Amino acid sequence: MNKAWLSYCGLILVAVSWGVNFGVSRLAMESFHPIVFTLLRFGLAVPFFFILLKWKEGSIGIPWRLVPKIALVGLLGVTALEIIVMYAIKFTTLANASLLNVAPWPIFAALLSPLFIKEAITPKLIIGGAICLFGVSFVILGGEEGFSLSSDLMIGNAMALSISIIGPLFNLSSMSLMRQFSALRVSTWTIFFGAIFIVPFTIGRWGETEWGRLQFEQYGIIFYNVLICTVLAFIVWNASMYRVGATRSNFFRYAVPASAVITGYFMFDESIAMMQIAGAALMAVGLIWITIDRKKERVTPTLSKNV
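Predicted model only: the values in this text are computed from it and were never measured.

**What to know about the overall build of the protein chain**
For step 1, the next point in the chain: A tally of helices and strands in the protein chain yields 13 helices and two strands.
For step 2, the next point in the chain: Here the protein chain has a C-alpha radius of gyration of 19 Å; the compact-globule value for 307 residues is 19 Å, and the two agree.
For step 3, the next point in the chain: Counting only C-alpha atoms and orienting by the principal axes, one finds that the protein chain spans roughly 60 × 50 × 40 Å.
For step 4, the next point in the chain: Looking at the protein chain as a whole, 52% of its 307 residues are labelled buried.

This is the structure we're talking about:
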């Protein structure tokens, strides 16, 4: 198996882990305030990142001149993104949040990529992406909630749509940084700064958790979020994205809602409609189509002069 296929497998596994985390995080909200839990997830991951970085590369530093840029990327892609995700779900339906968050993400990634990097957008990628888009729409709209344009949900809808813009900006900014540093170093420092910027939002909320009554289940949830969904996931995603390109990689995010639906079925006895099964199958076809690219179409992304 060549490195490209390993990268595609890595993207799928990360997307699945994030989809499963929808169900895991729902359980977490029964014990933790959402922002406190977000800080636990990223704050506890920081020491693991630095230990891995020191062990793997022998140093942990970054040039001072790049600190403002990396701090901004952490603020955008960790602090802002995670908090907006949380409140988008609060102010709109899960179906609306999922569709407006996930579906436009790869499209915005393709539109914004010239500002950061140069990547070839092939006809095969466009066709595969369109198939994936239809598939993920079926997965989300096939649920019981459906999509609603109620005026009461407009704030939440706007937040969800903003996620699909902030997310690609974070991915593309990380891609440009990985021209100078490894995926591990970029992940380490963006998570570090992102966690620091979350701290002020947790003031006054720590007392809402009964820390002395936490059980094995809550610690298992924290373990899964810290080590699987953050440390492992960010490193694998960034490394894989660097290998196959930001635009192509972001279509694999469409596996997140499909994984979330399956998780809901097993964890919360939620139903799965035939429309959702058909959408998942269609999405799988699109992703397979994207990965089986002709060799001449594969172009290693390069930095844009705008960076």
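Text resumes after the structure shown.
**Remarks on the packing of aromatic side chains**
How two aromatic rings sit relative to each other is given by the distance of their centres and the angle of their planes.
For step 1, the next point in the chain: Across all of its chains, the model carries 15 aromatic pairs by this definition.
For step 2, the next point in the chain: Ring geometry for Phe50 versus Trp189: centroids 5.1 Å apart, planes at 85°, classification edge-to-face. Remark: Trp189 occurs in helix H9 (residues 183-198) and Phe50 occurs in helix H3 (residues 45-57); sequence separation between them is 139 residues.
For step 3, the next point in the chain: Taking relative accessible area as the criterion, Phe50 reaches 16% and is therefore assigned buried.
For step 4, the next point in the chain: Relative to Tyr254, the ring of Phe251 has its centre 6.0 Å away and its plane inclined at 70°; by these criteria the two rings are edge-to-face.
For step 5, the next point in the chain: When its relative accessible area of 8% is taken as the criterion, Phe251 is described as buried.
For step 6, the next point in the chain: In this structure an aromatic cluster arises from ring pairing among Trp18, Phe42, Phe234 and Trp237.
For step 7, the next point in the chain: Directly above the ring of Trp289 sits Lys124, whose terminal nitrogen or CZ lies 3.7 Å from the centroid.

**Some points on the environment of Ala278**
For step 1, the next point in the chain: With respect to the helices and strands, Ala278 occurs in helix H13 (residues 274-291).
For step 2, the next point in the chain: Expressed as a C-alpha distance, the spacing of Ala278 and Phe138, which sit 140 residues apart in the sequence, is 7.4 Å.

**Some remarks on the pattern of salt bridges**
Pairing is possible between side chains that carry opposite charge, provided their charged atoms lie close to one another.
For step 1, the next point in the chain: This structure, assessed with the given rule, holds three salt bridges.
For step 2, the next point in the chain: A salt bridge links Arg41 to Glu82, with the shortest nitrogen-to-oxygen separation between them at 3.9 Å. One end of the pair, Arg41, is in helix H2 (residues 34-43); the other, Glu82, is in helix H4 (residues 67-91), and 41 residues separate them in sequence.
For step 3, the next point in the chain: Judged by its relative accessible area of 9%, Arg41 falls in the buried class.
For step 4, the next point in the chain: The partner of Arg185 in a salt bridge is Glu57, and the shortest N-O contact between them spans 2.8 Å.

**Quick notes on the packing of H2 against helix H10 (residues 216-244)**
For step 1, the next point in the chain: Orientation of H2 relative to H10, taken along the N-to-C sense of each, is 55°, at an axis distance of 8 Å. Looking at the two axes, H2 sits oblique to H10. The interaxial crossing formed by H2 with H10 has right-handed handedness. Only Ile221, Ile222, Asn225, Val226, Cys229, Thr230 and Phe234 of H10 make contact with H2, whose side of the interface consists of Phe37, Leu40, Arg41 and Phe42.
For step 2, the next point in the chain: Residues of the contact of H2 with H10, tallied by class, amount to eight nonpolar, two polar and one charged.

**With respect to the packing of H2 against H3**
For step 1, the next point in the chain: Where H2 meets H3, the axes come as close as 5 Å, and the angle between the chain directions of the two elements is 15°. When the axes of H2 and H3 are compared, the pair comes out roughly parallel. Listed contacts from H3 to Leu40, Arg41, Phe42 and Gly43 of H2 are Ala45, Val46 and Pro47.
For step 2, the next point in the chain: In the contact of H2 with H3, the residues fall into five nonpolar, one polar and one charged.

**Let's talk about a nonpolar patch on the surface**
For step 1, the next point in the chain: On the surface, Ile262, Tyr265, Phe266, Met267, Ile272, Met274 and Ile277 cluster together into a nonpolar patch covering about 720 Å² of accessible area.
For step 2, the next point in the chain: Counting residues per element, the ones that place at least two in the nonpolar patch are helix H12 (255-268) and H13.
For step 3, the next point in the chain: Ranked by residues supplied to the nonpolar patch, first place goes to H12 with four residues.
For step 4, the next point in the chain: Positionally, Ile262 belongs in helix H12.

Criteria and thresholds
- Residues numbered from 1 in each chain as written.
- Predicted model: local features only at pLDDT ≥ 70, side-chain atom pairs only at ≥ 80, totals over all residues.
- Heavy atoms only, no water.
- Helix = DSSP H or I, 4+ residues; strand = E, 2+ residues; numbered from the N terminus.
- Rg over C-alpha atoms; globule rule 2.2 N^0.38 Å.
- Buried < 20%, exposed > 50% of the residue type's maximum accessible area, 1.4 Å probe, protein only.
- Phe/Tyr/Trp six-rings, centres within 6.5 Å; stacked < 30°, edge-to-face > 60°.
- Lys NZ or Arg CZ within 6 Å of the ring centre and 35° of its normal.
- Salt bridge = Lys/Arg side-chain N within 4 Å of Asp/Glu carboxyl O.
- Axes fitted to C-alpha atoms, helices over the stretch in contact; angles between N-to-C directions.
- Parallel < 35°, antiparallel > 145°, perpendicular 65-115°, else oblique.
- Left-handed = near helix turned anticlockwise from the far one by under 90°.
- Contact = heavy atoms within 4.5 Å.
- Nonpolar A, V, L, I, M, F, W, Y, C, P; charged D, E, K, R; others polar.
- Patch = residues over 30% accessible without salt bridge, like charges linked within 9 Å, V, L, I, M, F, W, Y side chains within 5 Å.
- Areas by Shrake-Rupley, 256 points an atom, 1.4 Å probe, with all protein chains shown as cover.

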